[in-house]
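Remarks on the overall topology
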Amino acid sequence: MAGPTTADRGERHKLKSGPPRPPRGRRLRLPRPPVLIVTAVVLLLGAATVWLLYGSQWLRVERVTTSGTGVLTPAQVRAAAAVPVGAPLISVDTGDIEDRLRRKLPRIDSVEVVRSWPHGIGLKVTEREPVLIVENGTNGTHGKNGENRKGGANAGKFVEIDAKGVRFATVQKAPRGVPRLELTPDQSGAAASLRRFGPDRLVREAVRVAGDLPPAVARDTRAVRVRSYDDVSLKLSGGRTVAWGSGEKGDTKATILTALMKAAPKARHFDVSVPTAPASSGS
């Protein structure tokens, strides 16, 4: 008996495998519920943060504190700062306040404005310190071409000069322990000296010399006299004088002057204008 033919086997295979399956298409996957929830929470938190910082009454400026004042009073600093009390703390322009303080109060050398959450603004002030003073309307307060600014409401008062040579304040009474600046250009070369260096440069040279003085000499210095760029001298207590010369080699001159004063304690005049050839005289 003959077995099944090839055609019979093929027919049975078709019956077992069933009808052909349609081709698979791409499924549209919907976002999972957790992703939607996280997104919504992030958006809500962002909106709540913006409202908290800008719209709520919780994080607004309620107090302004100051630190570092000496001559200036906290009230003066707060008034010049003009911090917008009641405004959102995040919206306060700290850079603008710093610029305003330096512009309105020249005595301020540096200032830092900081936010103190949740309700404060802090004003950290560093005041300028005078290293020299000059009587207003006399030497050291010359105009652009060297002329004296005499008269006016500030005549007879004192102008304070800081370590950068900045004239920053006018006071009625000279501060104790601060030497006077005597800017008296040599008449024979005054025009040339002022034309070449200008009064501001000569003032800075005096400040430079004052900053290089040994502590003991600085305490005894009553005046710094400037006749030209390279002719600076000191008036000390007891009528003693020091010829300093220019502001160059200040550290070396300070060391030599200290040794010279120890070697000749009764001398009345000391000369360190040429550090390699110091001298003292008088007794």
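Heads up: these notes are all about the structure in this document. (Residues numbered from 1 in each chain as written. Predicted model: local features only at pLDDT ≥ 70, side-chain atom pairs only at ≥ 80, totals over all residues. Heavy atoms only, no water.)

The next subject is the overall build of the protein chain. Assigned secondary structure in the protein chain consists of seven helices and 12 strands. Counting over 283 residues, the protein chain shows a buried share of 36%. Look at the contacts in the protein chain between residues 6 or more apart in sequence, and 51% of them connect residues 24 or more apart. (Helix = DSSP H or I, 4+ residues; strand = E, 2+ residues; numbered from the N terminus. Buried < 20%, exposed > 50% of the residue type's maximum accessible area, 1.4 Å probe, protein only. Contact = heavy atoms within 4.5 Å.)

What follows deals with the nonpolar core. Where a protein is soluble and globular, its nonpolar side chains tend to be buried together. Formed by 31 residues in total, the largest nonpolar core has its most connected members in Leu132, Leu181, Val226, Leu234, Val242, Trp244 and Leu257. For this core, the leading source of residues is helix H5 (residues 190-212), giving six residues. Core analysis: the second largest hydrophobic core is formed by 18 residues, Val64, Ala81, Leu101 and Leu105 among them. (Core = buried A, V, L, I, M, F, W, Y, C linked by side-chain atoms within 4.5 Å.)

In total, this model carries 11 salt bridges according to the counting rule given. The salt bridge partner of aspartate 99 is arginine 102, with a shortest N-O separation of 3.0 Å. Taken as a pair, aspartate 99 and arginine 102 lie in helix H4 (residues 94-104) at a separation of three residues, close to a single helical turn. Members of the salt-bridge network, linked through shared partners, are Asp109, Arg128, Asp162 and Lys164. (Salt bridge = Lys/Arg side-chain N within 4 Å of Asp/Glu carboxyl O.)

One can find arginine 107 in the loop between H4 and strand E2 (108-116). Assessed through its relative accessible area of 8%, arginine 107 is described here as buried. Discounting residues that sit within four places of it in the chain, arginine 107 has contacts with Val71, Leu72, Thr126, Glu127, Arg128, Glu160, Phe168, Ala169 and Val171.

As for its placement among the helices and strands, lysine 253 is situated in helix H7 (residues 250-263). Buried charged residue lysine 253 carries no salt bridge. Nearest counter-charge: glutamate 248, at 7.0 Å. At 3.4 Å, the side chain of lysine 253 forms a polar contact with the backbone oxygen of glutamate 248. With near-sequence residues (within four places) excluded, lysine 253 lies in contact with Trp244, Gly245, Ser246, Glu248, Val272, Ser273 and Pro275. (Lys, Arg positive; Asp, Glu negative; His and termini not counted. Polar contact = N/O pair within 3.5 Å; in protein donor to acceptor, adjacent residues only side chain to side chain.)

Three or four residues apart is the spacing at which side chains of an α-helix point the same way, because the helix has 3.6 residues per turn. For H4, the set of buried residues is Thr94, Ile97, Glu98, Arg100 and Leu101. What you see down the axis of H4 is that its buried residues fit within an arc of 165°, all on one side. Where H4 is buried, its residues touch helix H3 (74-81), E2 and strand E3 (120-127). Put simply, aspartate 93 is the residue that caps the front of H4, since its side-chain oxygen is 3.2 Å from the backbone nitrogen of glycine 95. (Arc of directions from axis to C-beta.)

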